[in-house]
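Chain by chain, the residues:
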Amino acid sequence: MASTVAPLIEGLKGKLVVSVQAYPGEPMRTPETMAAIARACELGGAAAIRCQGLSDISAIKGRVEVPVIGLWKEGHDGVFITPTLRHALACAYAGADIVALDATDRPRPDGRTFEETVAELRRRVDALIMADCSCIEDIRRGFAAGCDVCSTTLSHGNQAWGTALDDGPDLALLRQATEEFPGMPVCCEGHVHTPADATAAIQAGAWMVVSGTAITHPTTITSWFVEATQAR
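1. A word on the overall build of the protein
Step number 1: Along its length, the protein carries 10 helices and eight strands.
Step number 2: Since a compact globule built from 232 residues should have a radius of gyration of about 17 Å, the 17 Å found for the protein is in line with a globular shape.
Step number 3: Taken across its 232 residues, the protein has 53% of its residues classed as buried.
Step number 4: Considering only contacts within the protein whose residues lie at least 6 apart along the sequence, 61% involve residues at least 24 apart.
Step number 5: For the protein, the accessible area works out to roughly 10,300 Å², and carbon and sulfur atoms hold 54% of it.
Step number 6: Averaged over its 19 positive side-chain charges, the protein has a centre that lies 3 Å from the centre of its 28 negative ones.

2. A closer look at the sheet that holds strand β2 (residues 48-52)
Step number 1: Reading around the circumference, β1-β2-β3-β4-β5-β6-β7-β8 is the order of the eight strands in this closed barrel, with parallel pairing throughout. When strand polarity is set aside, the average angle formed by the axes of neighbouring strands in this sheet is 25°.

3. Quick notes on unusual backbone geometry
Step number 1: Despite not being glycine, Thr82 shows a phi value in the positive range, around 45°.
Step number 2: Structurally, Thr82 can be placed in the loop between β3 (68-71) and α4 (85-94).
Step number 3: On the basis of relative accessible area, Thr82 is assigned to the buried category, the value being 0%.
Step number 4: Backbone geometry places His191, a non-glycine residue, at a positive phi of 65°.
Step number 5: Topologically, His191 is positioned in the loop between β7 (186-189) and α8 (195-203).
Step number 6: Classification of His191 as buried rests on a relative accessible area of 3%.

4. Structural notes on the state of the cysteines
Step number 1: Counted according to the given criterion, the structure contains zero disulfides.
Step number 2: Take Cys135: it sits in no disulfide, and the sulfur closest to it among the cysteines is that of Cys133, at 7.7 Å.
Step number 3: In this structure Cys135 comes out as partly exposed when scored by relative accessible area, which is 25%.
Step number 4: In this structure Cys150 is not part of a disulfide, and its nearest cysteine sulfur, from Cys133, lies 4.4 Å away.
Step number 5: Among the residues examined, Cys150 registers a relative accessible area of 0% and is labelled buried.

5. Observations regarding the packing of aromatic side chains
Step number 1: In the structure shown here, the tally under the stated rule is one aromatic pair.
Step number 2: With a centroid separation of 5.0 Å and 50° between ring planes, the pair formed by Phe143 and Phe181 is classed as tilted. One end of the pair, Phe143, is in helix α6 (residues 136-144); the other, Phe181, is in the loop between α7 (171-180) and β7, with 38 residues separating them in the sequence. Both residues of the pair, Phe143 and Phe181, belong to the buried class.

6. A short note on the side chain of His87
Step number 1: Along the chain, His87 turns up in helix α4.
Step number 2: Taking relative accessible area as the criterion, His87 reaches 1% and is therefore assigned buried.
Step number 3: For His87, the side chain forms a polar contact with the side chain of Glu74, separated by 3.1 Å.
Step number 4: Here the side chain of His87 touches Thr84 through a polar contact of 2.5 Å, side chain to side chain.
Step number 5: Contacts of His87, omitting those with residues within four sequence positions, involve Trp72, Glu74 and Thr82.

What counts as what
- Residues numbered from 1 in each chain as written.
- Predicted model: local features only at pLDDT ≥ 70, side-chain atom pairs only at ≥ 80, totals over all residues.
- Heavy atoms only, no water.
- Helix = DSSP H or I, 4+ residues; strand = E, 2+ residues; numbered from the N terminus.
- Rg over C-alpha atoms; globule rule 2.2 N^0.38 Å.
- Buried < 20%, exposed > 50% of the residue type's maximum accessible area, 1.4 Å probe, protein only.
- Contact = heavy atoms within 4.5 Å.
- Areas by Shrake-Rupley, 256 points an atom, 1.4 Å probe, with all protein chains shown as cover.
- Lys, Arg positive; Asp, Glu negative; His and termini not counted.
- Charge placed at Lys NZ, Arg CZ, Asp CG, Glu CD.
- Pairing = 2+ DSSP bridges.
- Axes fitted to C-alpha atoms, helices over the stretch in contact; angles between N-to-C directions.
- Disulfide = S-S within 2.5 Å.
- Phe/Tyr/Trp six-rings, centres within 6.5 Å; stacked < 30°, edge-to-face > 60°.
- Polar contact = N/O pair within 3.5 Å; in protein donor to acceptor, adjacent residues only side chain to side chain.

Structural data, given as structure tokens:
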């Protein structure tokens with residue numbers, strides 16, 4: 001477990017991080033568009049940007065001054081968020097200040113364990129490491145492996161886009177983690193759909209809060225309005 005909090009992570013305490021991602025086949029899925037949206041979020045007060053894919057990481061890093069959390073999604077089942085050491089190193093080389101990777105104990109395509117991946121990544125690059133977690137066991141694993149921050153990213157079991165507006169963040173896991181690891185950076189991510197959700201997460205002990213869909217995914221935002229106006 002990391003004995004001290006990295007200065008970059010310390011600077012994100014109590015702050016909002018915005019996830020800027022588009023999905024395959026969507027009109028906004030170009031690095032230039034993602035970089036423009038990231039810059040707009042920075043102007044709105046985002047303390048950091050979370051993004052996916054090497055081209056987006058590089059483009060966004062060139063447009064913003066705030067830290068960039070980078071990941072590389074590959075596949076749809078099992079471990080798909082930065083699934084191997086190769087993916088993690090590539091994110092760091094593309095410019096990510098923080099590399100996010102799946103912290104579950106599921107098998108990885110390259111045969112390495114999560115702990116082995118973290119150790120080798122730490123040895124080879126200076127980037128910080130975020131553990132994307134699904135449960136308290138993952139958060140324990142992340143901190144034990146020396147990750148700089150652990151996040152509730154995977155706790156819902158499904159992605160935030162396409163979900164209902166009132167399907168909020170996993171505050172129960174957040175509270176459990178912050179009680180078990182006082183003073184450690186536990187990030188709330190996943191289904192943070194409203195300012196009230198973000199406030200509740202901070203009040204529940206979140207070190208920082210990540211919101212993406214509600215800010216940067218107009219397809220989902222539009223669907224929420226359509227559903228509300230057509231409700232009977």
